[in-house]
Amino acid sequence: MTSEVLRSVGLSPHGIDYLGGSDANMLNAKGIPSVNLGIGAQNPHGDDEFILLEDLFKTEEIADQIISRSASLR
């Protein structure tokens, strides 16, 4: 479903292996399938970290679609 949502908002999803300390990695380690979605942050964890407004709005659109589609599956 996540790839479908990303395509529906005009993005081209491509997964990568990420070994950082994300919540998704912790959940996956416990057998709960999860994905970690980036939000477009620039210079993450730096003292000059920022996000472009267009990326923030796109993140909201993605979250809205995932929530809406998940609710309809219940």
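Keep in mind that this is a model prediction, so the values were computed, not measured.

J.: Describe in detail the overall build of the chain, supporting the description with residues and values.
T.: Within the chain, the secondary structure is distributed over three helices and zero strands. Listed N to C, the secondary structure of the chain is α-α-α in terms of helices and strands. Seen through its principal axes, the chain has C-alpha atoms that stretch 40 × 30 × 20 Å. By the burial criterion, 8% of the 74 residues in the chain qualify as buried.

J.: Can you tell me about the pattern of salt bridges, naming the residues and giving the values?
T.: Think of it this way: side chains of opposite charge can pair up when their charged atoms draw near. Across all of its chains, the model carries two salt bridges by this definition. A salt bridge links glutamate 4 to arginine 69, with the shortest nitrogen-to-oxygen separation between them at 3.7 Å. With glutamate 4 in helix H1 (residues 2–8) and arginine 69 in helix H3 (residues 53–72), the pair connects residues that are 65 residues apart, well separated along the chain. For glutamate 4, a relative accessible area of 48% corresponds to the partly exposed category. We note a salt bridge from lysine 58 to glutamate 61, for which the minimum N-O separation is 3.7 Å. Residue lysine 58 and its partner glutamate 61 are located together in helix H3, separated by three residues, close to a single helical turn.

J.: Account for the confidence of the model for the chain, naming residues and giving values.
T.: Mean pLDDT for the chain: 91, with 100% of residues reaching 70 or above. Of all secondary-structure elements in the chain, the lowest mean pLDDT belongs to helix H2 (residues 23–29), at 91, while H1 reaches the highest, 94.

J.: I'd like a description of a nonpolar patch on the surface, backed by residues and values.
T.: Residues Leu53, Leu56 and Phe57 make up a contiguous nonpolar surface patch of about 330 Å² in total accessible area. Tracing the backbone through its elements, the reader meets leucine 53 in helix H3.

J.: Now, about the environment of serine 22: what can you tell me, with residues and values included?
T.: Along the polypeptide, serine 22 turns up in the loop between H1 and H2. With a relative accessible area of 10%, serine 22 lands in the buried category. Residues serine 22 and asparagine 36, spaced 14 residues apart in sequence, show a C-alpha to C-alpha distance of 7.3 Å.

Calculation rules
Residues numbered from 1 in each chain as written. Predicted model: local features only at pLDDT ≥ 70, side-chain atom pairs only at ≥ 80, totals over all residues. Heavy atoms only, no water. Helix = DSSP H or I, 4+ residues; strand = E, 2+ residues; numbered from the N terminus. Buried < 20%, exposed > 50% of the residue type's maximum accessible area, 1.4 Å probe, protein only. Salt bridge = Lys/Arg side-chain N within 4 Å of Asp/Glu carboxyl O. pLDDT = per-residue confidence, 0-100. Patch = residues over 30% accessible without salt bridge, like charges linked within 9 Å, V, L, I, M, F, W, Y side chains within 5 Å. Areas by Shrake-Rupley, 256 points an atom, 1.4 Å probe, with all protein chains shown as cover.

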